[in-house]
Protein chains: 2
Amino acid sequence: MVSGNPQSSFVAIQDLLMNTFELWLQLDFMAGLTVGMTVVPQALAYAVVAGLPMEYGLYSSFMGCFIYCLLGTSKDITLGPTAIMSLLVSSYAFHEPALAVLLAFLSGCIQLAMGLLHLGFILDFISYPVIKGFTSAAAVIIGFNQVKTLLGLQNIPKQFILQVYYTFCRITETRAGDAILGVFCVMVLLVLQQMKKGIPRTHPLEPLPVRISRYIIWTTATARNALVVLFAGLAAYSFQVTGSQPFSLTGTIPQGLPLFQSPPFSIITSNQTIGFKEMVQAIGPGLVVVPLMGLLETVAIAKAFASQNKYQIDPNQELLAMGFTNLLGSFVSSYPVTGSFGRTAVNAQTGVCTPAGGLITGALVLLSLAYLTSLFYYIPKTALAAVIICAVAPMFDARIFRTLWQVKRLDLVPLCVTFFVCFWEVQYGIIAGVIVSGILLLYPLARPRIEVVRDNAIIIKPENGLQFPATDFLRDIVHKQALSEPQQRKVILDCSHISRIDYTVVLGLSELLQEFHHRELHLIFIGLQAHVLEVLLAADLNGFRNFSTLKDAKRSLGDLHVAFEDMMDDIQTTAGMIQ
Amino acid sequence: MVSGNPQSSFVAIQDLLMNTFELWLQLDFMAGLTVGMTVVPQALAYAVVAGLPMEYGLYSSFMGCFIYCLLGTSKDITLGPTAIMSLLVSSYAFHEPALAVLLAFLSGCIQLAMGLLHLGFILDFISYPVIKGFTSAAAVIIGFNQVKTLLGLQNIPKQFILQVYYTFCRITETRAGDAILGVFCVMVLLVLQQMKKGIPRTHPLEPLPVRISRYIIWTTATARNALVVLFAGLAAYSFQVTGSQPFSLTGTIPQGLPLFQSPPFSIITSNQTIGFKEMVQAIGPGLVVVPLMGLLETVAIAKAFASQNKYQIDPNQELLAMGFTNLLGSFVSSYPVTGSFGRTAVNAQTGVCTPAGGLITGALVLLSLAYLTSLFYYIPKTALAAVIICAVAPMFDARIFRTLWQVKRLDLVPLCVTFFVCFWEVQYGIIAGVIVSGILLLYPLARPRIEVVRDNAIIIKPENGLQFPATDFLRDIVHKQALSEPQQRKVILDCSHISRIDYTVVLGLSELLQEFHHRELHLIFIGLQAHVLEVLLAADLNGFRNFSTLKDAKRSLGDLHVAFEDMMDDIQTTAGMIQ
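About the thresholds
- Residues numbered from 1 in each chain as written.
- Chains lettered and ligands numbered in written order.
- Predicted model: local features only at pLDDT ≥ 70, side-chain atom pairs only at ≥ 80, totals over all residues.
- Heavy atoms only, no water.
- Helix = DSSP H or I, 4+ residues; strand = E, 2+ residues; numbered from the N terminus.
- Rg over C-alpha atoms; globule rule 2.2 N^0.38 Å.
- Buried < 20%, exposed > 50% of the residue type's maximum accessible area, 1.4 Å probe, protein only.
- pLDDT = per-residue confidence, 0-100.
- Phe/Tyr/Trp six-rings, centres within 6.5 Å; stacked < 30°, edge-to-face > 60°.
- Lys NZ or Arg CZ within 6 Å of the ring centre and 35° of its normal.
- Pairing = 2+ DSSP bridges.
- Axes fitted to C-alpha atoms, helices over the stretch in contact; angles between N-to-C directions.
- Contact = heavy atoms within 4.5 Å.
- Buried area = accessible area lost by both parts, 1.4 Å probe.
- Salt bridge = Lys/Arg side-chain N within 4 Å of Asp/Glu carboxyl O.
- Polar contact = N/O pair within 3.5 Å; in protein donor to acceptor, adjacent residues only side chain to side chain.
- Least-squares fit on C-alpha atoms with pLDDT ≥ 70 in both.
- Right-handed = clockwise from strand over helix to strand, strands pointing away.
- Patch = residues over 30% accessible without salt bridge, like charges linked within 9 Å, V, L, I, M, F, W, Y side chains within 5 Å.
- Areas by Shrake-Rupley, 256 points an atom, 1.4 Å probe, with all protein chains shown as cover.
- Parallel < 35°, antiparallel > 145°, perpendicular 65-115°, else oblique.
- Nonpolar A, V, L, I, M, F, W, Y, C, P; charged D, E, K, R; others polar.

So, on to the overall build of chain A. Helix and strand counts for chain A come out as 25 helices and nine strands. Scaling as 2.2 N^0.38, a compact globule of 579 residues should have a C-alpha radius of gyration of about 25 Å, whereas chain A reaches 33 Å, well beyond that. Across its three principal axes, chain A shows a C-alpha extent of roughly 105 × 85 × 45 Å. In chain A, which comprises 579 residues, the share counted as buried stands at 52%.

Written out as structure tokens, the structure is:
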């Protein structure tokens, strides 16, 4: 592209400058900074979702950046407080920071143990409809939870259904200042979000001013959370200076970095001491739900970005990184964290090259804690509510209902169960969804397809293996097909699809053989795979006979048709030899 | 056989008499009476196992007889208090009869609901090793629990491990009278039990006196529980008359039939009122374990005897009979009951013809309650302990450990987990066993066998279906086999063994297709079953191509070898036509 023409030489220099500029912009430094500007307002807001003082959001935001930088396997992932995790923590911590921090410590231990024991496969049992049902319900719950803050309503209960009811009942108590600022913030965020989607990729041949203005728009749109919160804060400060204050403000946030201290194993209040055991009992099922959902979110995000950006991740290593983050985080008063989809996307889009971008993000959070908390006093609560609403809105996926209806209707059952039960209690929603999809998974094991061919003998062929829950079902079929009729017939059990067998099945077969023996009938096995045959032979079944093929079995039963076929085969073979 | 010979005519008359005698003996009346003589002492003893006053054993013993007579489908089954049910009740009722009766009511409701909703298949998920582990552990726990009574020891804790420890610690405090009588009773019971096994079947040609004496021995052996308790009671009474009493006696049992009243939905004590909610919370997991184990025991027994005596039962009808028994039983202060293996065996051996035998058993229990409770005062506790020990001893099956070791070692895991955890807490044993066997069942769903053939293309063939837990596993295999290598190759996914597909799998396949598309490679499906194909077509996957056979797929991929084969086929066909 470089040539003697001065015009084109100018273009070349301009290109070089721009490329260097872009390179510099695309450094991990820039990515870290951008993510940091997203995480600080989100951290404050998510702490509210978790029902904790706002500083806990910041305490939870930096450890993940540093640890993931050392242990992570994906360049894009950023660990920290997320909307869903905060919602879960709010169910288990009862507004008590000590419980939330202990939960982080215990979740970290459990995640590390799962990583070391290679138990990551447990996540495979959470199906996509359950995840979708949960995230969609969580988006509705978290989003609606912020409506009361957006409108400045007071004393709204926590339970979702009551919340909806009372929010509409008290809608007349809306505070004008909060509502106007809140709706305005939401609109600005939505516009910036849409603008960002609309920006075409920069092209090196475009003139510099176009590219720079485009870059400014992109930066504004990406750092929109920080900007909206900043301007709302400035507005609130201006009002404060003039003496009137139409907004509910965040208020005092303790300044300074959190102490590095052991997580709280007991709570000492003025009245009483709550011991470790009582704390664990209070958290209860959270010890299963929080670590698992944390893992699920991280692994899902890591896989999504690895696939998009074409690199491989090691789910087990992710598990370890996650576990260490929660474990060490609990020493700096962090509540449980996980991979954040939104911030990971920001990170990836900013063109992060290594996980080192996290260092910048972490440093920015620490700086905020050390120097900026006094400024946070002026942040209107309604602006943070707007940030949350816009962050969770894309999590609600209405299309999945239609897609499942078109593709696989049965999967609507776990989806709907999860979605609707979540509104009662988030944890029960996930558990109910997993149980329902587990039942859909197990039912075919108890009632496998069994093909029955009625010939001279009856040929019974389980299509999909035979494990203990199917024992009685198989026996019932054999009874119904062969033994309950006046003209009882011999049965050939075709085991060619059976690749596993357990003792309960062996016992069922042994009892069947006994019944056939009583009636002086034959039950013959064919097509047994080697290790299944081994088990049956070890069980030393009375009257057990097996053949490798159906023809052999029929021949042994003296089937005339087979004898005829045999003869024909012989003739053909002979004919072939003659030819 | 009738002839002119006076000798043989005498034989004929003797035969006729004997046959009539035997017929009369084999009437349901006789069976009902025999079972009744077993149930009364067992009911008293099992109430002690359940931690309830003794009269509750009798209250629980008659309703099942009447209801089963109307609703049952097996002639042999007798419902009533059993050792295992009593052990379970003792875990949930905390020595409080009101809780036990409420548990019966709720269990009845749950069993009825399960019957009406056809949920009986849930029982299929309790595998034989779990059942064996549980019953063997229960035999040890119940049996050892009686050792302290047999020895007359006081203040032994309830928890099994502590019980063993303290029983041995305090063995020096053994009361001589109790111990001597107890050991003697056990020995008598064991001898009678062995004698019964040794009696050969009567033969019509044997002389009458032989047959009568044999019958007396058989009756004595069958009614051994009642006889032992009777003689021990007589001995205690004799001592009482002489003024000394070396035995611990049963003491006063309230006389009279139980009131027909609604089951207790609250407990009012002098200090406080315990409401329905607290009672249900106290019972807790008992609401799952008791109804399920009750059903399991009944259905298992019914199936065993139906198979032995060659008739069919309807498990769902059994469920209803069982549910009604517990439901209505709770109105006469019964605790949860189930089918009793021991008494069902007695019933079957006495030659019962219809479930009507139960009417006699029930009447006998009612008569005992109305008139005999004052006599029960003198029954030595140690005699009842002996009855229990001999009843549960056959439940312990040491051979199963060896059998499983020989036949299928993996099944030792649920067996041992159930067996050993039961000693900590019975309910946890069953739950742990079910979970472990569930994991053994689910693991292959997450990690199915997948056959990989490396040809020009890579042929990947899941052997046992493909359901959502296997999605990531399949993707990993495809990655490892095809995409991670420098020379990436086309993949043929052979779906001929896949009979079900869910949306999570569809999504996984869609992402795989996308990755292949990115790399400009082919992923081709073959052998799709009709309804699986339907789902995949509905999902409208981008780049989805399928063929019915491997050959078609290879042909489309331009495989030269296949082209050659095609040519050969053509030549052969032509050759065939020429012939």
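Residue-level pLDDT values for chain A average 84, and 91% of them are 70 or greater. The ipTM, which scores confidence in the relative placement of chains, is 0.77 for this predicted complex, and the corresponding pTM is 0.75.

Residues and elements named next belong to chain A. For the structure on display, the rule yields 42 aromatic pairs over all chains. Measuring from ring centre to ring centre gives 6.2 Å for Phe144 and Phe168, while their planes differ by 40°; the resulting arrangement is tilted. Taken together, the positions of Phe144 in helix H7 (residues 128-151) and Phe168 in helix H8 (residues 160-169) put the pair 24 residues apart, joining distant regions of the chain. Each residue in the set Phe144, Phe160, Phe168, Phe396, Phe401, Phe419, Phe420 and Phe423 is aromatic and connected to the rest through ring pairs, giving one cluster. Across the ring face of Trp405, the terminal group of Arg409 is positioned such that the distance to the ring centre comes to 4.1 Å.

All names here are of chain B. In space, the five strands of this open sheet follow the order S5-S6-S7-S8-S9, with mixed pairing throughout. One side of each edge strand has no neighbouring strand; the edge strands of this open sheet are strand S5 (450-454) and strand S9 (545-547). In this sheet, adjacent strand axes meet at a mean angle of 25° when their direction is disregarded. Bridge count between strand S6 (residues 458-462) and strand S7 (residues 491-494): three bridges; the pairing is parallel. Across the sheet, the residue bridging to Ile459 is Ile492, located in S7. Sheet strands touched by helix H22 (residues 503-518): S7 and strand S8 (523-526). Its angle to S8, the strand with the most contacts, is close to 140°.

A few words on the interface of chain A and chain B. Listed per partner, the contact involves 51 residues of chain A and 50 residues of chain B. Counting each side, the surface lost to burial between chain A and chain B is near 4,700 Å², with a carbon and sulfur contribution of 61%. If you look at where chain A meets chain B, you find two salt bridges. Of the charged contacts in the structure, one is a salt bridge between Arg447(B) and Asp124(A), with a shortest N-O distance of 3.0 Å. The tally of links from chain A across to chain B stands at ten residue pairs in polar contact (both at pLDDT 80 or more).

This part covers the environment of Ser127(A). Examined against the element boundaries, Ser127(A) turns out to sit in the loop between helix H6 (97-116) and H7. For Ser127(A), a relative accessible area of 2% corresponds to the buried category. Taking the C-alpha atoms as reference points, Ser127(A) and Ser437(A), 310 residues apart in sequence, are found 7.2 Å from one another. Sequence-distant contacts of Ser127(A), defined by excluding residues within four places in its chain, comprise Ser437(A), Phe468(B) and Thr504(B).

Glancing now at the relation of the copies chain A and chain B. Each copy of the sequence occupies a distinct position, and chain A is placed on chain B by a rotation of 180° and an axial shift of 0.0 Å, giving an RMSD of 0.1 Å. Between the two chains, the operation in question is that of a two-fold axis. By C-alpha distance to the rotation axis, the residue of chain A lying nearest is Asn464(A), at 3.1 Å. An overlap of 98% is found between the interface residues of chain A and their copies at the interface of chain B, pointing to a shared contact surface.

Moving on, we come to the pattern of salt bridges. Going through the model one piece at a time under the given rule, you end up with 17 salt bridges over all chains. In this structure, Arg475(A) engages Glu511(A) in a salt bridge whose closest nitrogen and oxygen atoms are separated by 2.4 Å. Here Arg475(A), found in helix H21 (residues 471-483), pairs with Glu511(A), found in helix H22 (residues 503-518); they are 36 residues apart in sequence, far enough to count as distant. By relative accessible area, which is 10% here, Arg475(A) ends up buried. Here Asp178(B) and Arg175(B) are joined by a salt bridge, their closest N and O atoms 3.5 Å apart. By relative accessible area, Arg175(B) is classed as partly exposed at 32%. Several salt bridges share partner residues, and in doing so they unite Arg475(A), Glu511(A), Glu515(A) and Arg519(A) into one network.

Once that is clear, we can look at the pairing of S7(B). Residue and element names in this part refer to chain B. Burial along S7 is two-sided: the residues Val491 and Leu493 and Ile492 and Asp494 are all buried. Where S7 lies against S8, four bridges are found, and the strand directions are parallel. Among the inter-strand pairings, Ile492 is bridged to a residue of S8, identified as Ile524. The β-α-β motif built from S7, the intervening H22 and the parallel element S8 has right-handed crossover chirality.

The next point concerns the environment of Gly152(A). All names here are of chain A. In this fold, Gly152 is placed in the loop between H7 and H8. A relative accessible area of 6% places Gly152 in the buried class. Once the C-alpha coordinates of Gly152 and Leu509 are considered, the two residues, 357 residues apart in sequence, prove to be 69 Å apart.

This part covers the sheet that holds strand S5 (residues 450-454) of chain A. Residues and elements named next belong to chain A. Strand order in the open sheet formed by five strands is S5-S6-S7-S8-S9, with mixed pairing between adjacent strands. Where the open sheet ends on each side, the last strands, each with one partner, are S5 and strand S9 (545-547). Going across the sheet, the axis of each strand differs from the next one's by a mean of 25°, ignoring polarity. Two elements, strand S8 (residues 523-526) and S9, share three bridges in a ladder whose sense is parallel. Bridge pairing in S9 links Ile526 to Phe547. Here H22 sits on the sheet and contacts strand S7 (491-494) and S8; the angle it forms with S8, its principal contact strand, is near 140°.

This part covers the side chain of Thr222(B). All names here are of chain B. Inspection of the secondary structure puts Thr222 in helix H10 (residues 208-222). At 2.7 Å, the side chain of Thr222 forms a polar contact with the backbone oxygen of Trp218. Leave out the neighbours within four places in its chain, and Thr222 touches Thr34, Thr38, Lys196 and Val346.

Residues and elements named next belong to chain A. The grouping of Trp424, Tyr428, Ile431, Ile435, Ile439 and Tyr443 at the surface amounts to a nonpolar patch, some 610 Å² of accessible area in total. Sorting elements by how many residues they give to the nonpolar patch places helix H20 (residues 426-446) first, with five residues. Here Tyr443 shows up in helix H20. We classify Tyr443 as partly exposed; its relative accessible area is 40%.

What follows is about the pairing of S5(B). All names here are of chain B. Across five bridges, the pairing between S5 and S6 is antiparallel. By the bridge assignment for S6, Ile450 is matched with Pro462. Once S5 ends, the chain turns through three residues before running back antiparallel as S6.

Residues and elements named next belong to chain A. Relative to the helices and strands, Leu151 is located in helix H7. The spatial distance from the C-alpha of Leu151 to the C-alpha of Arg175 is 6.0 Å, given a sequence separation of 24 residues. Excluding residues that lie within four positions of it along the chain, Leu151 makes contacts with Ile171, Thr174, Arg175, Asp178 and Ala179.

Attention now moves to unusual backbone geometry. Residues and elements named next belong to chain A. With a phi close to 50°, Phe94 is a non-glycine residue in the positive phi region. Note that Phe94 resides in the loop between helix H5 (83-93) and H6. Non-glycine residue Asp540 carries a positive phi angle of around 55°. As for its position among the elements, Asp540 is in the loop between helix H23 (530-538) and S9.

Our focus in this paragraph is the packing of H20(A) against helix H20 (residues 426-446) of chain B. The N-to-C vectors of H20(A) and H20(B) enclose an angle of 105°; their axes lie 11 Å apart at closest approach. One element, H20(A), and the other, H20(B), form an angle in the roughly perpendicular class. Residues Leu441(A), Leu442(A) and Leu445(A) of H20(A) pack against Leu441(B), Leu442(B) and Leu445(B) of H20(B). Here the contact of H20(A) with H20(B) is built from residues that sort into six nonpolar, no polar and no charged.

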